[in-house]
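This is what each chain is made of:
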Amino acid sequence: MSITATELKNNLGKYLVLSAREDIFITKNGKVVAKLTNPYQDRVETAKSLFGILPQDADVRAAREERLGAE
């Protein structure tokens, strides 16, 4: 979504709520000057992308020892 700086100023609360769901680009004189975004969005997307990658019987301790032994 793209809005003007004036629109953001007049409706800040509304756009703070919307920024939890989507990035909001703020423009001034027709040029993008800022982006309002959810700071946790990247973490959530990363966690979702990793779901199901590890086998059910994965042993974290064994993987850690293997990794440390390789150094």
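See the structure above.
Residues numbered from 1 in each chain as written. Predicted model: local features only at pLDDT ≥ 70, side-chain atom pairs only at ≥ 80, totals over all residues. Heavy atoms only, no water.

1. Section: the environment of Arg43
Phase 1 of the analysis: Along the chain, Arg43 turns up in helix H3 (residues 41–50).
Phase 2 of the analysis: With a relative accessible area of 59%, Arg43 lands in the exposed category.
Phase 3 of the analysis: Linking Arg43 and Arg67, residues 24 residues apart in sequence, is a C-alpha distance of 24 Å. (Helix = DSSP H or I, 4+ residues; strand = E, 2+ residues; numbered from the N terminus. Buried < 20%, exposed > 50% of the residue type's maximum accessible area, 1.4 Å probe, protein only.)

2. Examining the pairing of strand S2 (residues 24–28)
Phase 1 of the analysis: As paired strands, strand S1 (residues 2–4) and S2 are joined by 3 bridges and run parallel to one another. Note that in S2 the partner of Ser2 across the bridge is Phe25.
Phase 2 of the analysis: One ladder, built from 5 bridges, connects S2 with strand S3 (residues 31–36); its direction is antiparallel. Bridged to Thr27 within S3 is Val32. (Pairing = 2+ DSSP bridges.)

3. Things to note about the environment of Ala34
Phase 1 of the analysis: Secondary-structure assignment places Ala34 in strand S3.
Phase 2 of the analysis: Given the relative accessible area of 35%, Ala34 is considered partly exposed.
Phase 3 of the analysis: Residues Ala34 and Ala5, spaced 29 residues apart in sequence, show a C-alpha to C-alpha distance of 9.1 Å.
Phase 4 of the analysis: Not counting the four nearest positions on each side in its chain, Ala34 is found in contact with Ile24, Phe25 and Ile26. (Contact = heavy atoms within 4.5 Å.)

Coordinates in, geometry out; function isn't part of it.
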